[in-house]
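Close look at the chain arrangement
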Amino acid sequence: MKKINAFMFFGCIALLASVLTSCVSVKNSSGITMRDKSEAFTIFTEGSVASDLTTNADGSVSWIATAAGGAGGGVAFYFNKDKKEINIGNYKSIDLELEYSPVEGKWNSNAQMPGFCMRILPWDSTGLFGGFEDLEYFDSTEKEGTLKKTIIIPDNFADRIKASSDFDSILGFAIKFNDYNRGNSDGDQLKVTLKSVKLNAKDGAPADKPFDDGLTQDQRGTVVEINYPTHDYSVAQNALTDADKYNKHAFVYLPAGYDAADKNTKYPVFILLHGFGQNEYTWGLSNEGRGGKIKGYMDRGMAAGEVEKFILVVATGVADKTWGPKGSGNSFNGYNVFGGELRNDLLPYIRSNFNVKEGRDNVAIAGLSMGGGQTFTIGIGECLDLISNFAGFSGALFSTAQEFTTKVDSTKAFNGLKIHNLYMICGDADFLVYGTFPGYVEAMKNWTSRVENFESYVYPGGTHDFPVWYKGFNDFIHMVFKDGVQLY
């Protein structure tokens, strides 16, 4: 057996130490740095929309995002591993490094170079598509490679967050694949690996404050889930089989103080619909965590006395067997026949199981995109005898305003029935539906024989996305749910 001299021994120790140091360095080379504190990435799993989500040996995170009509996926992250918020007003910029490459065979050759968006998630966000403010869109200059980017946080960004969520407390961020009007085909895929993120504090910035919205627990509403009996309305009534009948899922928000046993206290009801390719989960209302952005709007508005207490029902506007659970939301037949389900199943179930005020004047319906179209074609066009308050958020409207008003006015069952409140909103950069918006607004404004109270808003720079729709929701509940003012 050969002897190991001291030189060889200490040389081996030094080499081993070097290797170990290298391994530790590699292991900790990726993650998030903030105020001289570095942590591994903490993934907001339920708030992400990606496939093949993987945490790598060096701490970086990889995923595949898929183009979907502008809703290209991505991954959401918490700023802190303990999931505590920070105050975005304390920071001036964010440095990030990521790697990217289109998936072979799944990229339109005519598409622009891969694009990205950094989304900031306020305290009430439920993830990538559940309450956010876009900080910056940025593009690569090569089809694949490494991208290093410093994103400047504008001076007014904290005010934008406050306008959206009342506080500048930030839960996390998301990196989204930008497939909006960039030549990508639905199904195009981009592999992304996030290497590092660093938040740079402003000089002299104070410590981040713990989040507190000032509400007590008894000022917060609750969210429950229901499953109401219905059937496939694309099938003729006399041809229905057991397979065409099912219980359908929806979320219900009950205001603070709601008591099922108190039959003397009743509330207006508001039906909220999603868009094409979506379902009842899309609005982010949840019985977990803080409940999502629209729950925050309702809780704060009601606690401040600005909004009358009401019951919200977030349902799936697809009335055939493709509805779900967590369905793809892409059945035009299902959308078109939703009126039967609304009239015969959903509203009767809500009236039977919750303390709801009587009469059409205490019912509202609204929706985004395709759901906004349903609000007009089904809510007004088929159910005006049941509902008198309506809102379209970037509504997908497929007939002319003249055709629509003529059809409603010629429906004998609707003679003398008024639309008490009608609201419309759309972003002026919404290339999908803004072309029809001004004409409809003008027609609704002049439809004085039918509409008693009309309001509209053009969202500057708004696209076909949730910042527009969240504002629309908040505007509408402040417009309609005012005791003794607009509710009849």
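Just above, that's the structure.
Let me sum up the structure you'll find in this document. (Residues numbered from 1 in each chain as written. Predicted model: local features only at pLDDT ≥ 70, side-chain atom pairs only at ≥ 80, totals over all residues. Heavy atoms only, no water.)

1. Structural notes on the overall build of the protein chain
- Secondary structure assignment for the protein chain yields nine helices and 21 strands.
- Against the compact-globule benchmark of 23 Å for 488 residues, the protein chain has a radius of gyration of 26 Å, which places it among compact chains.
- Summarising its shape, the C-alpha atoms of the protein chain cover approximately 105 × 50 × 45 Å along the three principal directions.
- Residues classed as buried in the protein chain amount to 54% of the 488 residues present.
- Across the protein chain, the fraction of contacts at a sequence separation of at least 24, relative to all contacts at a separation of at least 6, is 79%. (Helix = DSSP H or I, 4+ residues; strand = E, 2+ residues; numbered from the N terminus. Rg over C-alpha atoms; globule rule 2.2 N^0.38 Å. Buried < 20%, exposed > 50% of the residue type's maximum accessible area, 1.4 Å probe, protein only. Contact = heavy atoms within 4.5 Å.)

2. Structural notes on the packing of helix α3 (residues 293-303) against helix α9 (residues 466-480)
- α9 packs onto α3 with a crossing angle of 25 degrees between their chain directions and a minimal axis gap of 10 Å. Considered as vectors, α3 and α9 are oriented roughly parallel to each other. The crossing of α3 and α9 is right-handed. Contacts between α3 and α9 involve K293, I294, Y297 and M298 from the first element and Y470, F473, N474 and I477 from the second. (Axes fitted to C-alpha atoms, helices over the stretch in contact; angles between N-to-C directions. Parallel < 35°, antiparallel > 145°, perpendicular 65-115°, else oblique. Left-handed = near helix turned anticlockwise from the far one by under 90°.)

3. A closer look at the nonpolar core
- Counting residues in each nonpolar core, the largest one holds 49 residues, and the members touching the most others are I311, V313 and L342.
- Per-element accounting of this core gives the leading share, five residues, to helix α5 (residues 338-353).
- Setting aside residues up to four positions removed in sequence, V313 forms contacts with A250, F251, V252, V269, F270, I271, L272, L346 and I350.
- With 42 residues, the next largest nonpolar core counts F251, Y297, M302 and M479 among its residues. (Core = buried A, V, L, I, M, F, W, Y, C linked by side-chain atoms within 4.5 Å.)

4. Side note on helix α8 (residues 437-445)
- Considered for burial, the residues of α8 that qualify are F437, Y440, V441 and M444. Projected onto a plane normal to the axis of α8, the buried residues spread over an arc of 100 degrees and lie on a single side. (Arc of directions from axis to C-beta.)

5. Quick notes on the state of the cysteines
- The full count for this structure, using the stated rule, is zero disulfides.
- A disulfide-free cysteine, C117 has its sulfur positioned 19 Å from the sulfur of C426, the nearest such atom.
- Judged by its relative accessible area of 1%, C426 is buried. (Disulfide = S-S within 2.5 Å.)

6. Remarks on the packing of aromatic side chains
- A full pass over the atoms with the stated rule returns 38 aromatic pairs.
- When the centroid spacing of 5.8 Å and the interplanar angle of 25 degrees are considered together, the rings of F116 and F138 count as stacked. Of this pair, F116 sits in strand β9 (residues 115-122) while F138 sits in strand β10 (residues 133-139); the two residues are 22 residues apart in sequence, bridging distant segments of the chain. In this pair, the class of F116 matches that of F138, namely buried.
- Chaining the aromatic ring pairs together yields one cluster made of F270, W283, Y297, F310, F393, Y423, F466, W469, Y470, F473, F476 and F481.
- K326 extends its terminal NZ or CZ atom over the ring of Y281, reaching a point 4.7 Å from the ring centre.
- The aromatic ring of Y457 is capped on one face by K471, whose charged end is 4.4 Å from the ring centroid. (Phe/Tyr/Trp six-rings, centres within 6.5 Å; stacked < 30°, edge-to-face > 60°. Lys NZ or Arg CZ within 6 Å of the ring centre and 35° of its normal.)

7. Comments concerning empty space enclosed by the protein
- A complete count under the given rule lists one cavity of 30 Å³ or more for this structure.
- Lining the largest cavity are G392, S394, G395, L397, M424, C426, V433, T436 and F437.
- A class-by-class count of the residues in the lining of the largest cavity yields five nonpolar, four polar and no charged. (1 Å grid on protein atoms, 1.4 Å probe; cavity = no way out; pocket = protein on both sides within 12 Å on 5 of 7 lines; lining within 4 Å. Points joined across faces, edges and corners; volume = space filled by probe spheres on them. Nonpolar A, V, L, I, M, F, W, Y, C, P; charged D, E, K, R; others polar.)

8. Details of the environment of N178
- Mapped onto the fold, N178 is located in the loop between β12 (169-177) and β13 (189-201).
- Between the C-alpha atom of N178 and that of G73, which follows or precedes it by 105 residues, the distance is 8.3 Å.
- Apart from the residues within four sequence positions on either side, N178 is in contact with G115, F116, Y137 and N184.

9. Some words on the layout of surface pockets
- In this structure, the second largest pocket occupies an estimated 290 Å³ of space.
- Lining the second largest pocket are 18 residues, with N336, G373, T377, I378 and F398 positioned closest to its centre.
- Put simply, the parts of the chain that give the lining of the second largest pocket at least two residues each are α4 (332-336), α6 (370-380) and α7 (401-409).
- The element contributing the most residues to the lining of the second largest pocket is α6, with six residues.

10. Notes on the sheet that holds strand β20 (residues 421-427)
- Strand order in the open sheet formed by eight strands is β14-β15-β17-β16-β18-β19-β20-β21, and the pairing between neighbours is mixed. The outermost strands of the open sheet, each flanked by one partner alone, are β14 (222-231) and β21 (454-459). Between one strand axis and the next, the sheet turns by 20 degrees as a mean value, whatever way the strands run.
- Pairing between strand β19 (residues 389-393) and β20: five bridges, direction parallel. Among the inter-strand pairings, A391 is bridged to a residue of β20, identified as Y423. (Pairing = 2+ DSSP bridges.)

11. Notes on the side chain of T42
- Turning to its location among the elements, T42 is positioned in strand β3 (residues 42-43).
- Accessibility expressed as a relative area gives 18% for T42, which makes it buried.

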